[in-house]
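Coordinate inspection notes
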Amino acid sequence: MARKSDVPSPYYGEPSKFDPTFRGPISNRSCTDVFCCVIFIIVILGYIALGTVAWLHGDPRKVIYPTDSYGQFCGQKGTPNAKKSILFYFNILKCANPAVLINLQCPTTQMCVSKCPDRFATYTDMQLQYQITAAPWEYYRLFCKPGFNNPTKPVAQVLRDEDCPSMIVPSRPFLQRFTKTPTHEVGMKIVEDYAASWNWILIGLVIALVVSLIFILLLRFTAGLLLWFTIIAVILVIAYGIWHCYLEFSLLRQQPGADVTIVDIGFQTDVTVYLHLSQTWLIFLIALCTIEASILIILIFLRKRVWIAIALLREGSKAVSYIMSTLFYPIITFLLLAICISYFSVTSVFLASSGDAIYKVMAAEPNCMYANTTCDPETNVSKTCPGAQCTFAFYGGETPYHRYLFILQLSNLLIFLWLVNFIIALGQCTLAGAFASYYWARRKPQDIPTCPLFSSFSRAIRYHTGSLAFGALILALVQMARVILEYLDSKLKGASNVAARFLLCCLKCCFWCLERFIKFMNRNAYIMIAIYGKCFCTSARDAFCLLMRNVVRVAVLDRVTDFLLFLGKVLIAGSVGVIAFFFFTHKIPIVQEDVPTLHYYWVPLLEYTCSYPWIFSRSQYQRFDLLFLHRGCSLALLHVLSEHL
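Residues numbered from 1 in each chain as written. Predicted model: local features only at pLDDT ≥ 70, side-chain atom pairs only at ≥ 80, totals over all residues. Heavy atoms only, no water.

- In the nomenclature of an unreviewed UniProt entry, the protein chain corresponds to Choline transporter-like protein from the organism Oncorhynchus kisutch.
- The Sequence similarities (unreviewed entry) comment attached to the protein chain in UniProt states, word for word, "Belongs to the CTL (choline transporter-like) family."
- The record held by UniProt for the protein chain lists under Catalytic activity (unreviewed entry) the comment "choline(out) + n H(+)(in) = choline(in) + n H(+)(out)". (UniProt positions renumbered as here; feature names shortened; annotations may be inferred.)

**So, the overall build of the protein chain**
- A tally of regular secondary structure across the protein chain gives 20 helices and 8 strands.
- Taken across its 645 residues, the protein chain has 44% of its residues classed as buried.
- Within the protein chain, counting contacts between residues at least 6 apart in sequence, those at least 24 apart form 74% of the total.
- Summing over all exposed atoms, the protein chain offers an accessible surface of approximately 34,400 Å²; the carbon and sulfur share of this is 67%. (Helix = DSSP H or I, 4+ residues; strand = E, 2+ residues; numbered from the N terminus. Buried < 20%, exposed > 50% of the residue type's maximum accessible area, 1.4 Å probe, protein only. Contact = heavy atoms within 4.5 Å. Areas by Shrake-Rupley, 256 points an atom, 1.4 Å probe, with all protein chains shown as cover.)

**What about the pairing of strand E2 (residues 110-113)?**
- Here E2 shows two buried faces, one formed by Gln110 and Cys112 and the other by Met111 and Val113.
- Sheet topology places strand E1 (residues 86-89) next to E2; 4 bridges connect them, and they run antiparallel. By the bridge assignment for E2, Leu87 is matched with Cys112. (Pairing = 2+ DSSP bridges.)

**Things to note about unusual backbone geometry**
- For Asp33, which is not glycine, the phi dihedral falls at a positive 50 degrees.
- By the secondary structure assignment, Asp33 is in the segment before helix H1 (34-57).
- At Cys451, a position not held by glycine, the phi torsion is positive, near 50 degrees.
- Along the polypeptide, Cys451 turns up in the loop between helix H13 (405-439) and helix H14 (452-491).

**Remarks on the pattern of salt bridges**
- With the rule as written, the count across this model stands at 6 salt bridges.
- The partner of Arg141 in a salt bridge is Glu138, with the nearest N and O atoms 3.6 Å apart.
- Among the ionic contacts, a cluster of salt bridges with common partners joins Arg482, Glu515 and Lys519. (Salt bridge = Lys/Arg side-chain N within 4 Å of Asp/Glu carboxyl O.)

**Here we look at the state of the cysteines**
- Under the criterion given, the structure shown has 1 disulfide.
- The partner cysteine of Cys144 in its disulfide is Cys164, sulfur to sulfur 1.9 Å. Its S-S torsion of approximately 115 degrees makes the covalent link between Cys144 and Cys164 right-handed. Pair noted here: Cys144 is in the loop between helix H5 (135-140) and helix H6 (155-161) and Cys164 is in the loop between H6 and strand E4 (167-168), with a separation of 20 residues, a long-range link.
- Judged by its relative accessible area of 2%, Cys164 is buried.
- Looking at the unpaired Cys513, the closest cysteine sulfur is the one in Cys509, lying at 4.4 Å.
- By relative accessible area, which is 39% here, Cys513 ends up partly exposed. (Disulfide = S-S within 2.5 Å.)

**So, the confidence of the model for the protein chain**
- The pLDDT averaged across the protein chain works out to 75; a share of 71% of its residues lies at or above 70.
- At the level of individual helices and strands, the protein chain shows its lowest average pLDDT in helix H20 (residues 638-641), which scores 28, and its highest in H1, which scores 92.
- This model gives residues 1-8 a pLDDT under 50, and the stretch forms 6 contacts once residues within four places in sequence are excluded. (pLDDT = per-residue confidence, 0-100.)

**Here we look at the nonpolar core**
- If you look at the biggest cluster of nonpolar residues, it comprises 56 residues, and the most contacted ones within it are Tyr47, Phe416, Cys429, Leu468 and Tyr526.
- The set of elements that each furnish at least two residues to this core consists of H1, helix H10 (303-322), helix H11 (329-352), H13, H14, helix H15 (498-532) and helix H16 (536-549).
- Of the residues forming this core, the biggest block, 20 residues, is contributed by H13.
- Setting aside its immediate chain neighbours within four residues, Tyr526 contacts Ala425, Gln428, Cys429, Leu468, Gly471, Ala472 and Phe536.
- Grouped together as the second largest cluster of nonpolar side chains are 27 residues, Leu219, Leu226, Leu299 and Leu571 included. (Core = buried A, V, L, I, M, F, W, Y, C linked by side-chain atoms within 4.5 Å.)

**Notes on the side chain of Lys153**
- Secondary-structure assignment places Lys153 in the loop between H5 and H6.
- In this view, Lys153 contacts Tyr123, Gln127, Phe148, Val158, Asp161 and Asp163; residues no more than four positions away in its chain are not counted.

**Here we look at helix H9 (residues 278-301)**
- Over its 24 residues, H9 runs 35 Å from end to end, which matches the ideal 34 Å to within 8%, given 1.5 Å per residue.
- Of all the residues in H9, the buried ones are Ser278, Thr280, Trp281, Leu285, Glu292, Ile295 and Leu299. (Expected span 1.5 Å × (residues − 1).)

**So, the packing of aromatic side chains**
- Summed over the entire model, instances satisfying the criterion amount to 12 aromatic pairs.
- With centroids separated by 5.6 Å and ring planes inclined at 65 degrees, the aromatic side chains of Tyr139 and Phe143 adopt a geometry described as edge-to-face.
- Judged by relative accessible area, which is 10%, Tyr139 ranks as buried.
- Of the residues examined, Phe143 reaches a relative accessible area of 1% and is grouped as buried. (Phe/Tyr/Trp six-rings, centres within 6.5 Å; stacked < 30°, edge-to-face > 60°.)

What follows is the structure, given as structure tokens:
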């Protein structure tokens with residue numbers, strides 16, 4: 001008897017009947033979503049025009065070289081600041097405003113200096129010491145506005161007029177700017193660690209890449225044995241981790257100071273400090289026990305589905321071995337994305353650096369009628385407003401181009417998101433078409449077309465550019481809405497309106513869910529486009545109905561497959577990470593002389609974990625989820641069917 005979830009529903013149509021004459025992606029196609037294709041081409045041409053206009057008006061020196069509050073570059077020959085190459089911010093915390101990304105100007109006084117502060121001092125302490133000796137003032141004035149020489153001026157007025165910073169702290173330059181918080185110090189050390197170990201990180205990633213390739217290819221012959229070995233190995237490794245954490249926890253509980261907690265010591269840049277706390281190892285112990293229990297429960301209750309997923313992975317490995325070019329297609333996607341990201345970044349920089357220096361009247365008295373009006377720096381505004389100054393405000397202009405600069409930046413972002421999603425959609429449709437050619441070949445490899453990947457790529461570009469652009473546009477609009485919501489959230493952080501914050505939080509959550517759903521539906525719609533060559537809306541409807549007719553099967557098999565591949569990732573990435581740990585902590589005697597000395601040895605370990613090779617991805621296998629369902633066969637028989645395709 002069929003399960004309730006397997007019974008056809010009139011709402012989602014009848015299951016497709018098996019057609020023995022069907023031979024994969026149809027060759028008799030026509031162009032789909034032509035109108036969207038035309039709009040997409042026009043937008044690309046407009047994007048090129050936007051980049052050209054931004055290049056004509058922008059000045060990247062405003063980003064490459066720091067600019068002080070008077071619009072002058074730091075460290076440039078022929079300028080008053082030729083010997084002052086470092087930019088000093090009076091209050092760098094004000095630079096956290098998202099509006100800085102629009103005009104690249106931080107709303108605090110900035111001035112060019114020749115060196116960074118090497119001591120801690122406050123303006124109040126300096127005034128007290130000035131009554132005894134002038135030496136503190138002579139040093140402090142190096143970081144005040146040029147021409148300011150009144151150390152007895154009241155502190156409130158100095159801070160109001162921003163004549164001097166409220167304090168100076170020992171700092172070091174980074175990209176010709178000061179960094180002076182502990183977080184910035186950690187960031188500097190991380191950058192230095194990357195610079196010292198990038199070659200070893202690259203070697204480790206190449207090793208993981210090779211192991212991943214071998215793992216994928218071996219799935220064809222020993223899928224069951226290899227995956228069960230992986231599962232058992234992960235269980236044993238986690239069990240060892242549980243034992244080690246318990247041992248460390250027990251030893252630290254017997255030592256003095258065992259009651260010290262993470263809250264007691266607060267944030268520390270040296271992460272090894274936390275390893276001397278029993279609470280840290282207790283957290284590790286609980287986390288590993290939870291993971292171990294979850295894995296065991298999944299294996300016990302879904303053991304039958306595990307065998308089905310193994311059959312799916314075995315068939316996917318066969319397809320990859322017959323179409324080896326699919327392993328390297330992500331390189332094309334990476335190059336296209338790199339071009340797109342580079343163009344977007346350059347255009348953003350030129351847009352943000354467009355315009356001339358605009359000067360505003362900074363009035364000392366609140367009743368000045370000319371306050372915040374545009375002025376000429378050569379004019380003495382103090383005659384009309386006593387104590388007022390004409391200082392640099394921002395870069396801009398009064399032309400239509402400058403008035404709509406914010407709209408142009410938003411357009412730049414929207415088109416960028418559209419192009420990125422289109423490139424990803426093109427890759428998904430191309431791989432789906434290539435694997436569909438393999439799936440419907442009755443005799444393998446005799447019936448597999450020549451160059452299936454190139455043929456699929458050509459079909460996607462020639463016939464379905466409009467459909468891919470349509471799906472990418474829908475996703476880009478949702479992502480753009482999320483960006484706007486994040487911007488509004490940053491604006492409302494200091495607001496006391498709880499209802500507005502709650503509503504914004506709900507909207508962010510809803511749009512996040514909507515984005516995930518659209519990504520899932522788009523991916524399956526592109527598979528249907530690759531097979532049948534229909535328009536986007538029809539393909540999305542067919543894919544949705546097909547998935548809903550098999551909703552339980554899809555959910556369970558998809559999660560189990562993800563789980564098995566995740567275990568493979570954990571095993572390979574964890575093994576490389578363990579070797580890297582012993583390597584960078586100088587515990588391998590053979591290569592100790594070549595190992596760089598790092599501030600944080602976890603930097604390369606984190607790189608191995610987060611930048612795991614693209615090759616070990618379920619992108620090659622997820623195309624089979626829909627293809628297997630299309631034949632209308634029971635997933636319980638997949639392990640039998642896969643042997644006779």
